Amino acid sequence: MAVRHAWQFAERTRAGAGDGIAAILGLLGNPDLISFAGGFPDPRTFPSDRVAELVAELDASAFQYAPTQGLEGTRDAIAGRLERRPADDELLVTSGGIEALELVSKSFLDRGDAVVVEGPTYLGAIMAFRSFEASVHPVPIDDEGLDVAALAALLEGGLRPKLLYTIPDHQNPGGVTLSAERRVAVVELARRYGFLVVEDVAYRELAFDGVALESLWSLAPDVVVQAGTTSKTFFPGVRLGWAAGPAEVVAQLVSAKQNTDQCSGALGQRLFEQYVRRGWIDEQLAASRSLYGRKAQLLLDALSTSMPEGVHWTTPRGGFFSWLTLPCDATELAKRAADGGVAVVPGALFYPDGRGVENMRLSFSMVDESLIATGVEKLASLV
């Protein structure tokens, strides 16, 4: 008979946010649900045929270990796509955007250090910061993104964060974009108070009209680390991203990566490099923007048609999400919705402090277009 052990896991593992991501992923595997849950790209954007063609052309180096900082050709391809081109020592290839957050946390955070995030924000970021026992402080967002006045008030009140984490373009889960004026104000505050801005650009290239405001990295490369990913624009199976920042910061991230995963996979790096060199990434992005823009409009039309008074939502100009504010408990509603055949994510998961009980995230990126109106009607009937 097996003996059950009372394992004593580290204190930093007890935040519990990981259960939220596991639950979201679990909903995606149920074919009977109309799922607005996971922020996953539509498989129709995946370049299967072209990737197969590239794999057939690669030499043995694509199947070998890579330098910790990343293959030179891949770094060049990534650098050439950024609004401000980083120098060689300002760019690191990572295993997805989440590893960039992990490496920044590992390099900067001691127990009890303050991190400011948007409220709501990406659940994976909350997990990354809490895994290093940071104190996570949310600042509200509105239709123009992070409330910079509220951030300034916190700083004037004595809060001294090491990091500010923001998703300025088509935010997850809010679906909002930080205004040009607030971008300038954010980096000015970072310089004045001495904190590092971590800019997550996962959705930056997915503006429906193809237009992007100036990135925080290009505005202030002295106080910003840009964390990027190819998961939403190329395909997530390669687990490929980057971190661009001040040379001394990137050097520390490289050191942290050496005893994390040592290097990002060479195969994915070579595939992405060649996909960029041949101009295929721009063709794919144009098709993706059109697809997601169409889905977003279907969702917004359905919300306008079906939702009762008292329900409010954001109007995304890119990305994957709209954020609902409800006149009821969203967690209970999400449970009832799942029983009725619709998967959604309650808003409390996207806060570090229990707020968001009246909010809900709807992702339009992967749901079948023909089912969007039906799914919203079912959800509205429960509201």
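Everything discussed here concerns the structure shown above.
To keep things clear, this report deals only with the structure shown in the data block. All values reported here derive from a predicted model rather than from experimental measurement. Within every chain, residues take consecutive numbers counted from 1 along the sequence as written. In keeping with the model being predicted, local features are shown solely for residues with a pLDDT of at least 70 and side-chain atom pairs are shown and tallied solely at 80 or more, while totals for entire chains, interfaces and linings include all residues. Heavy atoms throughout the structure, all of them, feed into the side-chain values; hydrogens and water do not.

Further remarks concern the sheet that holds strand β9 (residues 241-244). Spatially, β2-β9-β8-β7-β6-β3-β4-β5 is the arrangement adopted by the eight strands of the open sheet, whose pairing is mixed. This sheet does not close on itself; its edge strands, each paired only once, are β2 (91-94) and β5 (145-146). The sheet contact formed by strand β7 (residues 196-200) and strand β8 (residues 224-229) spans four bridges and is parallel. Its bridge partner lying in β8, Asp200 is registered against Ala227. Residues are treated as being in contact if the distance between any of their heavy atoms lies within 4.5 Å. An axis is simply a line fitted to the C-alpha atoms; with a helix, the fit covers only the stretch in contact. Between two such axes, the angle follows the N-to-C directions and lies from 0 to 180 degrees. Only runs of H or I of at least four residues qualify as helices and only runs of E of at least two qualify as strands under DSSP, and these elements are numbered from the N terminus. Each of β3 (114-119), β4 (135-142), β5 and β6 (163-166) touches helix α6 (residues 148-156); the most contacted strand, β4, lies at about 145° to it. Being paired, for any two strands, means DSSP has found at least two bridges between them.

Our next topic: helix α5 (residues 123-130). In an α-helix there are 3.6 residues to a turn, and that puts residues three or four apart on one side. Burial analysis of α5 places six of its eight residues in the buried class, the great majority of the element. Type-normalised accessible area, obtained with a 1.4 Å probe on protein chains alone, sets the label of each residue: buried when under 20%, exposed when over 50%, and partly exposed for intermediate values. Along α5, the residues classified as buried are Leu123, Gly124, Ala125, Ile126, Ala128 and Phe129.

For the rest of this paragraph, the subject is the packing of aromatic side chains. Pairing of aromatic rings covers Phe, Tyr and Trp, the last counted by its six-membered ring, and requires centre-to-centre distances within 6.5 Å; plane angles under 30 degrees mean stacked, over 60 mean edge-to-face, and any other angle means tilted. Applying the stated rule across the entire model yields eleven aromatic pairs. A ring pair is formed by Phe208 and Phe364, whose centres lie 6.3 Å apart and whose planes are at 55°; its orientation type is tilted. Of this pair, Phe208 sits in the loop between β7 and α8 (216-219) while Phe364 sits in the loop between β14 (359-363) and α13 (372-382), and the two are 156 residues apart along the sequence. Grouped by ring-pair contacts, the aromatic residues Phe234, Phe235, Phe272, Tyr275 and Trp280 constitute a single cluster.

Time to look at helix α7 (residues 180-193). Taking 1.5 Å per residue, 14 residues should reach 20 Å; α7 reaches 21 Å between its end C-alpha atoms and fits that length. Within the span of α7, buried status applies to Arg182, Arg183, Val186, Val187, Leu189 and Ala190. End-on view of α7: buried residues confined to an arc of 155°, all on one side of the axis. Of the exposed residues in α7, the ones pointing more than 90 degrees away from its buried face are Glu181 and Arg192. Phi turns positive one or two residues past the end of α7, at Gly194, with a value near 75°. The span you would expect from a helix comes to 1.5 Å times its residue count less one. Working definition: the arc comes from the directions between the helix axis and the C-beta atoms, pointing outward to the latter.

These figures capture arrangement, not role.
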